[in-house]
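For reference, the chains in residue letters:
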Amino acid sequence: MAAGKRGKPAWLPVRGGCLIALMQRVTSSSVTVDGDKIAEIGQGLMILVGVEKGDQAATADKMAEKLLRYRVFADSEGKMNLSVLDIQGQVLLVPQFTLAADTGKGLRASFSSAADPQQGRALFLQLVDIMRDKGSSICPDLPRDWLQTGQFGADMAVALVNNGPVTFRLAV
């Protein structure tokens, strides 16, 4: 089995100050809160975002760059060589506290490595702002609603049609 960071198997989560994104290529996705649909996208990426203690603005900037440029869409030869910006797709960012869970021991997750709600909200919103700015500057022809978000701290119903399925876990 291949070893990842810190000598752990590559499939185990990396702990300590990571911004975590679970990125899924979708044909559509939406978020509903209290019966109201607050976000909806067509072809693009639905990205669940978890924030750990120690994450900073530089981490958000690095993650935004990675999410916007990660090649998950097929080119004319069927190879995943195109980013969401290359196809002028949409992005739905959804805050997900549970991605920062430590599930290594027992039958109940520990959230000791997760950022506190205030820090988590601030970094999530910073990631949204950075992605909006970078995406619009790299690809000025994007539709106005190309980037949408879930609601931090809310009980959300997230719907999606995963295309592929294609799902990647990114951590910076």
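The rules behind each value
Residues numbered from 1 in each chain as written. Predicted model: local features only at pLDDT ≥ 70, side-chain atom pairs only at ≥ 80, totals over all residues. Heavy atoms only, no water. Salt bridge = Lys/Arg side-chain N within 4 Å of Asp/Glu carboxyl O. Core = buried A, V, L, I, M, F, W, Y, C linked by side-chain atoms within 4.5 Å. Buried < 20%, exposed > 50% of the residue type's maximum accessible area, 1.4 Å probe, protein only. Helix = DSSP H or I, 4+ residues; strand = E, 2+ residues; numbered from the N terminus. Contact = heavy atoms within 4.5 Å. Pairing = 2+ DSSP bridges. Axes fitted to C-alpha atoms, helices over the stretch in contact; angles between N-to-C directions. Parallel < 35°, antiparallel > 145°, perpendicular 65-115°, else oblique. Left-handed = near helix turned anticlockwise from the far one by under 90°. Nonpolar A, V, L, I, M, F, W, Y, C, P; charged D, E, K, R; others polar. Expected span 1.5 Å × (residues − 1). Polar contact = N/O pair within 3.5 Å; in protein donor to acceptor, adjacent residues only side chain to side chain.

A. Examining the pattern of salt bridges more closely. Under the defined criterion, the tally for this structure stands at 4 salt bridges. Of the charged contacts in the structure, one is a salt bridge between K37 and E40, with a shortest N-O distance of 3.5 Å. Bridged by salt links that share partners, the residues D61, E65, R69 and K134 form one connected network.

B. The arrangement of the nonpolar core in detail. Of all hydrophobic cores here, the largest spans 31 residues; its most connected members are I47, L67, V91, L93 and M131. It is helix α2 (residues 117–138) that contributes the most residues to this core, 6 residues altogether. Not counting residues up to four positions away in its chain, the partners in contact with M131 are A64, L67, L68, V91, L93, W146 and L147. Counting 13 residues, the second largest nonpolar core, distinct from the first, contains C18, M46, L48 and L92.

C. Highlighting the pairing of strand β6 (residues 90–95). Judged by how many residues are buried, β6 sits mostly within the fold: 6 of 6 residues are covered. Bridge count between strand β3 (residues 44–51) and β6: 6 bridges; the pairing is parallel. Across the sheet, residue V49 finds its bridge partner in β6, namely P95. Of the strand pairs in this sheet, β6 and strand β7 (residues 147–149) are connected by 3 bridges, and their pairing is parallel. The residue of β7 that forms the bridge with L92 is Q148.

D. Examining unusual backbone geometry more closely. Residue P165 is reached from G164 by a cis peptide bond, and omega for that bond is 0 degrees. Inspection of the secondary structure assignment puts P165 in strand β8 (residues 156–171). At D34, a position not held by glycine, the phi torsion is positive, near 50 degrees. On the secondary structure map, D34 appears in the loop between β1 (19–33) and β2 (36–41). In the Ramachandran plot, Q88 falls in the positive-phi region, its phi being about 50 degrees despite a non-glycine side chain. Turning to its location among the elements, Q88 is positioned in the loop between β5 (80–82) and β6.

E. Representation of the packing of helix α1 (residues 57–69) against α2 in the model. Here α1 crosses α2 at 45 degrees, and the two axes come no closer than 9 Å. Taken together, the axes of α1 and α2 lie oblique to each other. As α1 packs across α2, the resulting crossing turns out to be right-handed. Residue-level inspection shows A57, A60, D61, M63, A64, E65, L67, L68 and R69 of α1 in contact with α2, the latter providing L123, Q126, L127, I130, M131, K134, G135 and I138. Looking at the contact of α1 with α2 residue by residue, the class counts come to 11 nonpolar, 2 polar and 4 charged.

F. Examining the pairing of β1 more closely. Of all 15 residues making up β1, 11 are buried, and the element is well covered by its neighbours. Of the strand pairs in this sheet, β1 and β8 are connected by 12 bridges, and their pairing is antiparallel. Pairing of I20 across the sheet is with A171, part of β8. As judged from the 5 bridges shared by β1 and β2, these two strands associate in the antiparallel manner. Residue V31 lies in a different strand from β2, and its bridge partner there is A39. Here β1 folds back onto β2, and the loop between the two strands holds 2 residues, one of which, D34, carries a positive phi near 50 degrees.

G. Local environment of α2. Its 22 residues give α2 an end-to-end C-alpha distance of 31 Å, which sits within 8% of 32 Å, the value for a rise of 1.5 Å per residue. Every buried residue of α2 is accounted for by G120, L123, F124, L127, V128, I130, M131, K134 and G135. Of the surrounding elements, those touching the buried residues of α2 are β1, β3, α1, β6 and β7. By the N-cap criterion, in which a side-chain oxygen at the helix start approaches the backbone nitrogen of a residue two or three places on, α2 is capped by D116, the distance to Q118 being 3.0 Å.

So yeah, pure geometry; function would need other evidence.
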